[in-house]
Amino acid sequence: MEVHRHTFDAVIVGAGGAGLRAAIETAGKCRTAVISKLYPTRSHTGAAQGGMCAALANVEEDSWEWHTFDTVKGGDYLVDQPAAEIMCREAVDAVIELEHFGLPFNRTPEGKIDQRRFGGHTRNHGEAPVKRACYAADRTGHMILQTLYQQCVARGVAFFDEFQVLDVAFVDGDPHNGVAGVIAHELATGDLHVFECAAALFATGGFGRIFKVSSNAHTLTGDGPGLLWRRQVPLEDMEFFQFHPTGINKLGILLSEAARGEGGILRNEGGERFMERYAPTVKDLAPRDMVSRAMLTEIREGRGAGPDKDFLYLDLTHLPASQIDEKLPDIADFVRTYQGIEPKTDLIPIQPTAHYAMGGIPTNVSAEVILDADETVAPGLYAAGECACVSVHGANRLGTNSLLDIVVFGRRGGAAMATYVKDRQPPGLAAGVEQPIKATIEALLGGAGTERVADIRSELQAEMTLNASVFRTDESLRSVGATIDRLKERYTSISVTDQSRRFNYELSEALELGYLLDVAQALVAAALARTESRGGHFRDDHPLRDDANWLRHSLAYRQPDGSIRLDYKPVTMGPYIPMERKY
């Protein structure tokens, strides 16, 4: 295994929407490397379908203040309101900038960017639904990813594709002292690459693969949060995980909320439009956490469909065929391909699917990583996108705010990083900084363990789905916590049967499994401690929101012995006072 060395001013880890937008901001200002374990246009941003929200008011009256209110209310008031104000105020310029970059948004008859309804988007602080989501059919994320990548290529950004970052080095091993570099494994050769730098931005996406049924790509394994957690960086609000209501039954492949934005209806076995009972004003376009709980309540109470009564239906049959073809082409193709039915004439079997992590690496509005409740900044360390927690999503992300988040805070992080490195040189790396990762890889390839990666991963996903998903209790969380402890012990005895060096995906999956176990452990610990229900965290044994005790963010720290210490920091409030969430 050879070791190669590189020197840059800044390194961006991850080439999805957040990483690419950050790279555009640093291009021409400093020497930047973008490192991705995928070819950039395979990043998971491309799977986002429905839209990117901004109060353009092209179709209906709207304002960024209403957008902010919906974001705060949708996040069950755990949102840091100044951060949400920044995101919603900058949304309009962000959409127009993407249009100028060449993104082919759908158009109104007048030639303006078209907009449609989406879950939790309202006018006049909850009065009625509003059309706020800017979209490119149901391929909006794909279009954003392609557009940003083209802009990076035009600017000469340096890419290291199919390099898996496995470690980060800090000055004297302490994140308080500044970034010194990152260590990556090149999939094509099996070699290690050491990137010396003065700053690093992590944009590695989510970790939905801790669950069995997920809309997330198989590569979303929590690499960024996991490796930083091992290096003394806390993780914030890990207990909050969003389940999207409309995943393809059994598979979890996403059927965008855009289907309901275009008029699709959720129905139970009896054909009833059941969301009228749970959210009488916005019905099927209530926030995702509420819709997913309503769906599983219907199933729990015996109104599910199928022989096992374990799924519900998405009904598009009343929509004009031309509307489905024009506005929902990918969704229609997914249904035909994976379910063998025709969405224009058949009801679509669906179930909630693990979709989005509200928690992650704690940051401020400049995407600088913070290390404690006092907002101490880790010099030169940044994070943006789903792997980060600003927190603009609070306890439950509003639909279409994810694509907005990656563009707004990717830009802010890139700008802050370019300024930070302007008058700095990389601090230098200690000799042998790559040795721990080299030893880990050699041990996996040369070990005589008896445990299989796939077996441990499957058990983790099944237990997390059963005991730590939409509904949770003290008993279920303690059960899955004990399971994770056992699985981490078994992980020390895993074997990799493929001994090759080139494109050894079994080795990659073994390394990713370690991150999955770590982030799952952090999620369960934070969920067990939070004895209330809020947003994507619902406790059957504590079904009410408790603002007096729990209007605060969790911070999970990994201790040297592997145990977890929890700390908390207050939510940054603003003009919107917590009230009961009704839709």
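Caption draft 1: A look at the overall build of the protein chain. Helix and strand content of the protein chain: 16 helices and 22 strands. The principal-axis extent of the C-alpha atoms belonging to the protein chain is close to 65 × 50 × 50 Å. Within the protein chain, buried positions represent 61% of all 583 residues. For the protein chain, restricting intrachain contacts to residue pairs at least 6 apart in sequence, the fraction spanning at least 24 positions comes to 74%. Accessible surface for the protein chain amounts to roughly 20,300 Å². Of this, 49% is attributable to carbon and sulfur atoms. Measuring between centres, the 60 positive side-chain charges of the protein chain sit 2 Å from its 79 negative side-chain charges.

Caption draft 2: Helix α2 (residues 64-74), seen in detail. Taken across its eleven residues, α2 has nine buried, putting it largely inside the fold. Looking only at α2, the buried set comprises W66, H67, T68, F69, D70, T71, V72, K73 and G74. Looking at the buried side of α2, the elements it contacts are β4 (52-53), α3 (81-101), β5 (115-123), β6 (128-134) and α11 (401-421). In the segment just after α2, D76 is the residue with positive phi, at about 55°.

Caption draft 3: Fine view of the nonpolar core. With 77 residues, the main nonpolar core has F202 and M464 as its most contacted residues. Considering every element that reaches this core, the biggest residue donor is helix α15 (residues 505-529), with 13 residues. Each residue touching M464, except ones within four places of it in the same chain, is listed here: I210, F211, S469, V480, I484, A520, L523 and V524. With 53 residues, the next largest nonpolar core counts F101, F105, I113 and A416 among its residues.

The rules behind the values
Residues numbered from 1 in each chain as written. Predicted model: local features only at pLDDT ≥ 70, side-chain atom pairs only at ≥ 80, totals over all residues. Heavy atoms only, no water. Helix = DSSP H or I, 4+ residues; strand = E, 2+ residues; numbered from the N terminus. Buried < 20%, exposed > 50% of the residue type's maximum accessible area, 1.4 Å probe, protein only. Contact = heavy atoms within 4.5 Å. Areas by Shrake-Rupley, 256 points an atom, 1.4 Å probe, with all protein chains shown as cover. Lys, Arg positive; Asp, Glu negative; His and termini not counted. Charge placed at Lys NZ, Arg CZ, Asp CG, Glu CD. Core = buried A, V, L, I, M, F, W, Y, C linked by side-chain atoms within 4.5 Å.

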